[in-house]
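Listed below, chain by chain, are the residues.
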Amino acid sequence: MSSTVNYPFPKNFIWGAATAATQIEGAAAEDGKGPSIWDDFSKQPGRVHGGHTPEIACDHYHRFPEDIRLIRKLGLKNYRLSIAWPRILPEGRGAINQRGLDFYRRLIDTLLDHEITPWVTMFHWDLPLALEHQGGWRNRGTAEAFGTYADTIVKALGDRVKNWITLNEIPCFIGLGYKEGRHAPGAKESPRVINQAYHHAILAHGQGVRAVREHGGRGARVGLTHNPETAIPLLEIPTDIAAARRSFAERNAHILAPIFHGRYPAEYLRRCGADRPVVAKGDFALIAQPTDFLGINIYTGYFVRAKGSRAEALPFPAQYPRAASEWLYLAPQAMYWVLNHCHALYQPKAMYVTENGVGYDDEPAANGEYLDLHRRDYLRQSLLHIQRATQEKIPCKGYFLWSLIDNFEWADGYTRRFGIVHNDFETQKRTPKLSAHWYQQVVKQNRLL
Ligand code: GBH
């Protein structure tokens, strides 16, 4: 067989799909769940497109057996989900809501019954509202409350969950949530508060790692999921690659450097000046505990070239192609370069692409079929560049497609569909799109088709 048409993935490569609690579960006030900042934010006028809320979403809370059968039918042996903190601790700390834990036990047992391995994110943005009222991520106490929450879920589920992800995308829940005000809680804080909030978030990550090490039992693994801003060298030549690497390191300095190197880089602290985060004794020991993998959410990138000794990031021209999600510039080389940069700079033991996918306002089905060739092409381009990384022995061990199903896309509400399974939000009918059938075959053959 000609090698040019046969793009194999390594043996034992992990194939899966990903979702998050707020985006699919619904049942926002059921069985003792407390409100999250997203329940609150989405009820404020003008925050979420069309006034949409996560109250019902995909009703996965009630329909999870059907959804798990679907995962199984698509041939996926791995599934990434998140636990809603306010389901477990309605006030963020204190009393445990047993019915919340029971829900995740049932969910995970059903996955295991179907021979699907759960990958569980502890926090995918749904902070208990009660904690926001005490300062949210501005408050160091939130990182401590997270530690107790992590202890609770790892103790309760650690016998059946072996793959833990501490936090999803710190730059989003801090940057968009507290700096730009576009995500919950919709705040616009000063640089000093923001830098401190970032510090509290990486501290929470450290708490999550500690909880897994203490209570995870045999074979438990843990890592962070980060969404690096990813510099693509304009030319794959040493000068542009070095410039891209510098740009990448700089933009991710506040998260990846402390976690992998146990300190903030001097250059980052200089940039912060008087607004640098306050670090308590012992923080870096907690933050930089060794992890088992780095999760990477990667959708897009930006182009960089060397300009003398500087790295020049190029602005996108108006005509540059993008998805319906306007931030999602189509730049598939980012999938390769994110793995290359992370490997070169931080040498994580393993990397998993924990999210990759694309948001479009899909057209209605033609003769019952959702012909999302645009999504299929995006995914194929992405995987081509990930396959290149695995060929070069960069330790990328798996891929989780975002997302299993169309869902509540945060501030975009129920527009910008990312699913390979269509959801009709009126009837809750699930219909696999063309991209799902394509992905199913790729997974089955462990190579690009
Ligand atoms: C991921 O974030 C999330 O983990 C997932 O929950 C989400 O559904 C998925 O992406 C698709 O969006 O304020 O308009 O400038 C991806 C990275 C970076 C995407 C910030 C949204 C901001 C958009 N995110 N971006 S905007």
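All of the points below concern the structure found in this document.

## A look at the site of the ligand
Working step 1: Close to the ligand lie 17 residues; Q23, H124, E169, E409 and W410 are nearest.
Working step 2: A distance of 3.2 Å is found between an oxygen atom of the ligand and a side-chain nitrogen or oxygen belonging to Y299.
Working step 3: A distance of 2.5 Å separates an oxygen atom of the ligand from a polar side-chain atom of E409.
Working step 4: The residue makeup of the shell around the ligand, split by class, is eight nonpolar, five polar and four charged.

## Side note on the layout of surface pockets
Working step 1: Computed from the structure, the second largest pocket encloses a volume of approximately 290 Å³.
Working step 2: As for the second largest pocket, its lining consists of 18 residues, and the residues nearest its centre are R246, S247, A249, E250 and E267.
Working step 3: Secondary-structure elements contributing two or more residues to the lining of the second largest pocket are α10 (238–251), α11 (253–261), β10 (310–313) and α14 (333–346).
Working step 4: It is α10 that provides the largest number of residues to the lining of the second largest pocket, a total of five residues.
Working step 5: Split into classes, the residues belonging to the lining of the second largest pocket amount to nine nonpolar, three polar and six charged.

## Description of the packing of helix α3 (residues 60–73) against helix α5 (residues 98–113)
Describing two packed helices takes the angle between their axes plus the distance from one axis to the other.
Working step 1: One way to put it is that α3 packs onto α5 with a least axis distance of 10 Å and a crossing angle of 15°. Compared by their axis directions, α3 and α5 come out roughly parallel. α3 and α5 meet at a crossing whose hand is right-handed. Where α3 abuts α5, its residues H60, Y61, F64, I68 and I71 lie against R99, F103, R106, L107, T110 and L111.
Working step 2: Along the lines of polarity and charge, the residues of the contact of α3 with α5 split into seven nonpolar, two polar and two charged.

## Examining the sheet that holds strand β12 (residues 396–402)
Working step 1: Overall, parallel pairing links the eight strands, which are arranged β2-β3-β4-β5-β6-β8-β11-β12 in a closed barrel. Ignoring strand direction, the axes of neighbouring strands in this sheet form an average angle of 25°.
Working step 2: Note: strand β6 (residues 221–226) against strand β8 (residues 293–297), four bridges, orientation parallel. Bridged to H226 within β8 is I296.

Here is what the cut-offs are and how they apply
Residues numbered from 1 in each chain as written. Predicted model: local features only at pLDDT ≥ 70, side-chain atom pairs only at ≥ 80, totals over all residues. Heavy atoms only, no water. Near = heavy atom within 4 Å. Polar contact = N/O pair within 3.5 Å; in protein donor to acceptor, adjacent residues only side chain to side chain. Nonpolar A, V, L, I, M, F, W, Y, C, P; charged D, E, K, R; others polar. 1 Å grid on protein atoms, 1.4 Å probe; cavity = no way out; pocket = protein on both sides within 12 Å on 5 of 7 lines; lining within 4 Å. Points joined across faces, edges and corners; volume = space filled by probe spheres on them. Helix = DSSP H or I, 4+ residues; strand = E, 2+ residues; numbered from the N terminus. Axes fitted to C-alpha atoms, helices over the stretch in contact; angles between N-to-C directions. Parallel < 35°, antiparallel > 145°, perpendicular 65-115°, else oblique. Left-handed = near helix turned anticlockwise from the far one by under 90°. Contact = heavy atoms within 4.5 Å. Pairing = 2+ DSSP bridges.

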